Amino acid sequence: MIVLVVGILAASTVTLYLLQHREMTNRIDDSLRRATSNYQRLVTAPNDSETGKPYASVSDILYRAMQSTQPAEHEGHVAILDGALRWTAPDTVGVRLEDDPQFMSWAAGAEADGKVYIRTITTDKATYRAVSLPASIRGGDQVGLYVAAYDLTAERRSLYDSFLPFVWISLGLLIAGVVTSWFLVGRMLRPLRDLRETAQSITQTDLSRRIGATGTDDLAELSHTFDSMLDRVESALDSHKKLLDDVGHELRTPVTIVRGHLELVDPADPEDVRETRELALDELDRMALLIDDLLLLAKSDHVDFVRPLPVPLDELTADVFAKAKLLGDREWTFAAESCLTVMADPQRITQAALQLCENAVKYSDPGSAIHVSAHAFEPGYAALRVTDHGRGISSRDREKILERFVRGTSSAGTKGSGLGLAISSAIISAHGGRLDIKSAEDEGSTFTIVLPTTQASPKVL
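Criteria and thresholds
Every chain is numbered independently, its residues counted from 1 as its sequence is written. The predicted nature of this model means local features are confined to residues of pLDDT at least 70 and side-chain atom pairs, given and counted, to a pLDDT of 80 or more, with totals for whole chains, interfaces and linings taken over all residues. Hydrogens and water molecules were not included; the side-chain quantities draw on all heavy atoms of the structure. Grouping buried Ala, Val, Leu, Ile, Met, Phe, Trp, Tyr and Cys residues that are joined through side-chain atoms within 4.5 Å yields what is termed a nonpolar core. Think of it in three bands: residues with accessible area under 20% of the maximum for their type are buried, residues over 50% are exposed, and the middle band is partly exposed, with areas taken using a 1.4 Å probe on protein chains only. Per the convention used, a helix needs a DSSP run of H or I reaching at least four residues, while a strand needs a run of E reaching at least two, with both numbered from the N terminus. Pairs of residues are marked as contacts when any of their non-hydrogen atoms sit within 4.5 Å. Per-residue confidence from the prediction method is given by pLDDT, with values spanning 0 to 100. For two strands to be treated as a pair, DSSP must find at least two bridges joining them. Lines are fitted to the C-alpha atoms to define the axes, a helix being fitted only along its stretch in contact, and any angle between axes, read from their N-to-C directions, falls within 0 to 180 degrees. One fewer than the residue count of a helix, multiplied by 1.5 Å, yields its expected span. The directions considered for the arc are those from the helix axis to the C-beta atoms. Aromatic pairs are defined between Phe, Tyr and Trp rings, using the six-membered ring for Trp, whenever the two ring centres lie within 6.5 Å; interplanar angles under 30 degrees are classed as stacked, those over 60 as edge-to-face, and all others as tilted. Two thresholds decide whether a charge sits over a ring: the Lys NZ or Arg CZ must be within 6 Å of the ring centre and within 35 degrees of the ring normal. Note that the term roughly parallel is reserved for angles under 35 degrees, roughly antiparallel for angles over 145, roughly perpendicular for angles of 65 to 115, and oblique for everything else. The classification used treats Ala, Val, Leu, Ile, Met, Phe, Trp, Tyr, Cys and Pro as nonpolar, Asp, Glu, Lys and Arg as charged, and all other residues, Gly among them, as polar. Salt bridge, as used here: a side-chain nitrogen of Lys or Arg that lies within 4 Å of a carboxyl oxygen of Asp or Glu. Only residues above 30% relative accessible area that lack a salt bridge enter a patch, with like-charged residues linked at up to 9 Å and the nonpolar side chains Val, Leu, Ile, Met, Phe, Trp and Tyr linked at up to 5 Å. Every accessible area reported is derived by Shrake-Rupley at a probe size of 1.4 Å, with residue values counting cover from the shown protein chains alone.

## Observations concerning the nonpolar core
Grouped together as the largest cluster of nonpolar side chains are 39 residues, with contacts concentrated most on Trp332, Leu356, Cys357, Val386, Leu435, Phe447 and Ile449. In terms of residue count, the dominant contributor to this core is helix H9 (residues 346–362) (seven residues). Leave out the neighbours within four places in its chain, and Trp332 touches Phe321, Ala324, Lys325, Cys357, Val361, Ile370 and Val372.

See the structure below:
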């Protein structure tokens, strides 16, 4: 950790220094460009801004340029006329360009081609960032040059000096951090002790104990993760208990009905015996169906519940449509808009889709339209869709109907255990997909099975 902190501090210091150095270079170049722009306006002006008369000589132009420019810190300027030094900066200017022969030699050479230069010049004395600006008068034979330059060596030294306090402060903070962390190790490990004590205190019937650690470090995150795991385990046990209660209630009803009719049947009345027999068989069939559905839901958590393989979605949907047409007298239509291949267990997906088709028949009127289609969905996913024009589902029921033994208010008067949509949802979730529901009361419903294609990443929606 110490090495990591040192590395971070070193990297941040170097990065900050480089950023500041680049900002310094950009600032100098911007200043030189502004000087160039101001100088060009002065040179191209028809008259001297001070006297209002045309410039009499190149020397006058250079003098006006020197007079109208106030050099910044670490900046200097000179004026050269016909290869010789003509004007220098006031004594208050710290950077004396005329005292550096190598720089002046470069300035004299820059005058020869009459071009504008902005470049870095390195001499034995310093490194400069300079601009050279020519001056002349039409018809005249004198050639002048205005040169402005920043002392980069001094600028870098100033930047370096400003960083020294930051470096010393960082080192001091690092030492203080190391000393402090030595005494905080025990406190940092407290979540591990709490984790051990919590795990020891948990019993089969009491999962209410939580660590409740605070903080944002790795051990605190581990504690939060452990608490979240306990929440899920407790929720699963509660769900299991609720399932047992629901199963007991749902199975107790048909048993009570059969027992009551058997106790009241008149053995001497053949008609009463026949009716009681039919009722008992019907209730036993309902119990058998309920038990099969519950067993299917129990298996949905197993890793081998589905065996996905590449399946053409249009062919799978066509097979579902061919079987669904036998479920009821409806105006069935089919469309396969996609030739995508999905990862699916054909039997399980067919089972889920037929359950949706059966619901569409159950909650719609004879002769109404039911549309079964296959199409591309969001990237990496495709959809099998069942649309009806039946009773629809209220907004308050839409989130609950996927739960076990829950039926919507629009299901009044129709038979069912409330497990069909729960089974379909479990099958689709086992494929790494999801079941989307769009519905409006008295307008119909659209159930969309979203499945990953063979190009999809292995994630659960």
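## With respect to the confidence of the model for the chain
For any part of a model where pLDDT is low, the fine detail of the predicted coordinates should not be relied upon. With 86% of its residues at a pLDDT of 70 or more, the chain has an overall mean of 80. Throughout residues 456–461 the model reports pLDDT below 50, and contacts reaching past four residues in sequence, or to other chains, amount to twelve contacts.

## Details of the sheet that holds strand E12 (residues 444–452)
Reading across the sheet, the five strands line up as E7-E9-E10-E12-E11 and stay open at both edges, with mixed pairing between neighbours. Two strands lie at the open edges of the sheet, namely strand E7 (331–336) and strand E11 (434–440), each paired on one side alone. Each strand of the sheet is rotated relative to its neighbour by a mean of 15 degrees, with strand direction disregarded. Pairing analysis gives seven bridges linking E11 to E12, with the strands arranged antiparallel. Looking at the pairing, Ala440 lines up with Gly444 of E12. Taken strand by strand, helix H8 (residues 313–324) contacts E7, strand E9 (369–376) and strand E10 (381–388), and its axis lies near 170 degrees from that of E7.

## Examining H8
Counted at 1.5 Å a residue, the expected span for H8 with its twelve residues is 16 Å, and the 16 Å between its end C-alpha atoms agrees. The complete set of buried residues in H8 reads Leu313, Leu316, Thr317, Val320, Phe321 and Ala324. The buried residues of H8 occupy an angular sector of 140 degrees when projected down its axis, which confines them to one face. At its buried positions, H8 is contacted by strand E6 (309–312), E7, strand E8 (341–344), H9, E9 and E10.

## A few points about unusual backbone geometry
Not every positive phi belongs to a glycine, and His74 is a case in point at roughly 65 degrees. Among the structural elements, His74 can be located in the loop between helix H2 (58–67) and strand E1 (75–81). For Asp442, which is not glycine, the phi dihedral falls at a positive 65 degrees. As for its placement among the helices and strands, Asp442 is situated in the loop between E11 and E12. Asp442 sits in the exposed class, given a relative accessible area of 70%.

## Things to note about helix H5 (residues 190–201)
Taking 1.5 Å per residue, twelve residues should reach 16 Å; H5 reaches 17 Å between its end C-alpha atoms and fits that length. Those residues of H5 that sit buried are Pro191, Leu195 and Thr198. Down the axis of H5, the buried set is contained in an arc of 70 degrees. They therefore lie on one face.

## Topic: the packing of aromatic side chains
This model, assessed by the stated rule, comprises five aromatic pairs. Between Tyr39 and Tyr146 the ring centres are 5.4 Å apart and the planes differ by 10 degrees, which places this aromatic pair in the stacked class. In this pair, Tyr39 is assigned in helix H1 (residues 2–44) and Tyr146 in strand E5 (residues 144–151), connecting sequence segments 107 residues apart. For the pair formed by Tyr39 and Tyr146, the shared burial category is buried. On the numbers, 4.8 Å between centres and 50 degrees between planes, the contact of Phe103 with Tyr128 is tilted. A residue pair is termed long-range when its members are at least 10 positions apart, and Phe103 in helix H3 (residues 101–111) and Tyr128 in strand E4 (residues 127–135) qualify at 25 residues. Of the two residues, Phe103 and Tyr128, both sit in the buried class. Connected via pairs of aromatic rings, a cluster forms that spans Phe103, Trp106 and Tyr128. Positioned above the aromatic ring of Trp87, the side-chain terminus of Arg86 is 4.0 Å from the ring centre.

## What about the packing of helix H4 (residues 152–188) against H5?
Two elements in contact, H4 and H5, have axes whose closest approach is 5 Å; the angle formed by their N-to-C orientations is 15 degrees. By the angle between their directions, the pair H4 and H5 is classed as roughly parallel. Facing H4, whose interface residues are Gly186, Arg187 and Met188, H5 presents Arg190, Pro191 and Arg193. Residue classes in the contact of H4 with H5 are distributed as two nonpolar, one polar and three charged.

## Looking at the pattern of salt bridges
Counting across every chain of the model gives ten salt bridges. One salt bridge connects Glu155 with Arg27, and the closest N-O pair in it is separated by 3.2 Å. Here Arg27 lies in helix H1 and Glu155 lies in helix H4, a separation of 128 residues in the sequence. Three or more residues are tied together by salt bridges with common partners; here these are Glu271, Arg274 and Glu278.

## Details of the pairing of strand E2 (residues 84–88)
On any regular strand, side chains alternate: one points to one face of the sheet, the next to the other face. With four bridges connecting them, E1 and E2 associate as antiparallel partners. When the sheet's bridge partners are listed, Ala79 is paired in E2 with Trp87. Taking the residues that link successive antiparallel strands as the turn, the E1-E2 hairpin has two residues, and the phi of Asp82 there is positive, at about 55 degrees.

## Section: the pairing of E1
By the criterion of burial, E1 is predominantly enclosed, with seven of the seven residues buried. For E1 and E5, the ladder comprises seven bridges, and the chain directions are antiparallel. In the sheet register, Leu81 faces E5, and the bridge partner there is Gly144.

## Regarding a nonpolar patch on the surface
Side chains of Leu16, Tyr160, Leu164, Phe166, Val167, Trp168 and Leu171 sit close together on the surface and give an oily, nonpolar patch of about 650 Å² of accessible area. At six residues, the largest contribution of residues to the nonpolar patch is made by H4. Among the structural elements, Val167 can be located in helix H4.

## Considerations on the environment of Leu152
Within the secondary structure, Leu152 is located in helix H4. Sequence separation between Leu152 and Ile28 is 124 residues, and the spatial gap between their C-alpha atoms is 9.1 Å. For Leu152, the residues in contact, after removing those within four places along its chain, are Ile28, Thr120, Thr127, Tyr128 and Arg129.

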